[in-house]
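Spelled out from the first residue to the last, the chains are:
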Amino acid sequence: MSSTLTRADAAADPVFQRLRALLTDVLQLGERGAHLTPETELLGALPEFDSMAVASVVAGIEDSFDLIVEDDDLDAETFRSVGTLWRFVADRLAEA
Amino acid sequence: MDEPTPQPLFLDGPRGRLFAVLYGGDGPAALWLPPFGEEMNRSRRMAALLGRRMAAAGGALLVLDPFGTGDSEGETTQARWADWRADAVHALGWLRARRLDARAVIGLRLGAVLALEAARAAAVPRAVLWQPVVRGRRYLQQVLRIRMAAALAHGDRGGADSVTALRQRLAAGEILEIGGHPMTPEMATDIEALDLGAAGSAFAGRIDWLAVGEAPVVAPRLLGDWRDGRLVTVDGPSFWSTEETTTAPALLSATAALLTETVVA
């Protein structure tokens, strides 16, 4: 996966699409979900993104992608943006 | 014709009286099994709506509160998974004693695994799975993580044990309160053992997996391992987890369509 995550990459990537749908559902973003891009900031930027949201998003990722996320795998950087979260999921899928 | 009135009733279950609501009262019948904990409360409306849909279509739905949950007898802390399975089997027997044709068991989330086990135990031909939990161990981890997050969100840093610490407390015999519902070490052990794939493989009947939103990537593989498994994906909110009451009308339509298929067949 390239180090720079572009919108074009995102549009073509089923993992990103699935992640975006998941965030839209868990955070109940509605129409706003369609506007999520890799640059969209999450933790500290999106009001909905509190500790409960983090736990719910991680659960959603685990269920949707059939992954197990250990708490040690997580740090604040993971949730900085949609792009960092996307990279996290992609890396986990590559390891699985 | 007026919509039939739902009937609240009590069954004499294996460990105590079980509260249930019967929608309709003729024709092909199904049993609805709830998810665990707060998800059960958040899905009550959908269960009632499904009941009304099925009654209107000339069928029946029994919505059951397993032992120790809802308005049934018993404390949640007394219940084991095997009790719930026995309750579901008992409820199916109750339907049959009323000469209702118990055609399907429907379950949501953890209730979906229960539905598979009950359908197998009672030789019911179909199981309908609403957003099933795939791995009990992972589900338990998620529940503990959410509890930790909720404690953090309430500024309760002292109460915000790590998931590892929470597991240790369970292992030491402590009952944990999770979102207002107690979880015993025994129930945690029961939940950890649950595996949707294995439950589906052990069931010889037809399984309909209804996914709300995108189906998990693992769904096709699991379905392929089952004798007769099918996937339907519908749009809608995760109503079992939203704080405010939400409904997924598309899920109701899809379920009613699947079950009225049975009527025609």
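Further up the page is the structure itself.
The notes below deal with the structure included here. (Residues numbered from 1 in each chain as written. Chains lettered and ligands numbered in written order. Predicted model: local features only at pLDDT ≥ 70, side-chain atom pairs only at ≥ 80, totals over all residues. Heavy atoms only, no water.)

Considerations on the interface of chain A and chain B
Part 1 of the reasoning: Each partner contributes to the interface: chain A provides 21 residues, whereas chain B provides 23 residues.
Part 2 of the reasoning: Taking both sides of the interface into account, the surface hidden between chain A and chain B amounts to around 1800 Å²; carbon and sulfur atoms contribute 44%.
Part 3 of the reasoning: Among the residues of chain A in contact with chain B, A:R18, A:D63 and A:D66 are the three that bury the most area, contributing 29% of the side total.
Part 4 of the reasoning: Joining chain A to chain B, the criterion identifies seven salt bridges.
Part 5 of the reasoning: Residue B:R138 is joined to A:D63 by a salt bridge in which the shortest nitrogen-to-oxygen separation is 3.6 Å.
Part 6 of the reasoning: Across the contact surface, chain A and chain B share 14 residue pairs in polar contact (both at pLDDT 80 or more).
Part 7 of the reasoning: Of all the secondary structure elements, the ones that give two or more residues to the side of chain A that touches chain B are α2 (14-26) and α3 (51-65) of chain A.
Part 8 of the reasoning: Tallying contributions element by element places α3(A) first for the side of chain A that touches chain B, with ten residues.
Part 9 of the reasoning: A breakdown of the residues in the side of chain A that touches chain B according to their chemical character gives nine nonpolar, five polar and seven charged. (Contact = heavy atoms within 4.5 Å. Buried area = accessible area lost by both parts, 1.4 Å probe. Salt bridge = Lys/Arg side-chain N within 4 Å of Asp/Glu carboxyl O. Polar contact = N/O pair within 3.5 Å; in protein donor to acceptor, adjacent residues only side chain to side chain. Helix = DSSP H or I, 4+ residues; strand = E, 2+ residues; numbered from the N terminus. Nonpolar A, V, L, I, M, F, W, Y, C, P; charged D, E, K, R; others polar.)

Observations concerning the packing of α2(A) against helix α4 (residues 82-95) of chain A
All names here are of chain A.
Part 1 of the reasoning: The N-to-C vectors of α2 and α4 enclose an angle of 120 degrees; their axes lie 10 Å apart at closest approach. Taken together, α2 and α4 sit at an angle that is classed as oblique. α4 is crossed by α2, and the crossing has right-handed handedness. Counting all contacts with α2, which are made through V15, F16, L19 and L23, the residues of α4 involved are V82, L85, W86, V89 and L93.
Part 2 of the reasoning: The class makeup of the residues in the contact of α2 with α4 is nine nonpolar, no polar and no charged. (Axes fitted to C-alpha atoms, helices over the stretch in contact; angles between N-to-C directions. Parallel < 35°, antiparallel > 145°, perpendicular 65-115°, else oblique. Left-handed = near helix turned anticlockwise from the far one by under 90°.)

Quick word on the packing of helix α3 (residues 81-97) of chain B against helix α4 (residues 110-121) of chain B
All names here are of chain B.
Part 1 of the reasoning: Between α3 and α4, whose axes approach to 9 Å, the crossing angle comes to 55 degrees. As far as their axial angle goes, α4 and α3 are oblique. Of the two possible hands of crossing, α3 and α4 adopt the one that is right-handed. Contact residues: W81, W84, R85, A88, V89 and L92 in α3; L110, V113, L114, E117, A118 and A121 in α4.
Part 2 of the reasoning: Of the residues belonging to the contact of α3 with α4, the class tally is ten nonpolar, no polar and two charged.

Some words on the pattern of salt bridges
Part 1 of the reasoning: Evaluated as defined, the whole model comprises 24 salt bridges over all chains.
Part 2 of the reasoning: In this structure, B:R145 and A:D71 form a salt bridge, with 3.2 Å as the shortest nitrogen-oxygen distance. In this pair, B:R145 is assigned in helix α5 (residues 136-153) and A:D71 in the loop between α3 and α4, connecting two distinct chains.
Part 3 of the reasoning: For B:R145, a relative accessible area of 3% gives the class buried.
Part 4 of the reasoning: Residue classification places A:D71 among the partly exposed residues on the basis of a relative accessible area of 25%.
Part 5 of the reasoning: The salt bridge involving B:E192 is made with B:R137; its shortest N-O contact spans 2.6 Å. Taken as a pair, B:E192 in helix α7 (residues 185-192) and B:R137 in helix α5 lie far apart in primary sequence, 55 residues in all.
Part 6 of the reasoning: Look at B:E192 and you get partly exposed, because its relative accessible area is 26%.
Part 7 of the reasoning: Residue classification places B:R137 among the partly exposed residues on the basis of a relative accessible area of 48%. (Buried < 20%, exposed > 50% of the residue type's maximum accessible area, 1.4 Å probe, protein only.)

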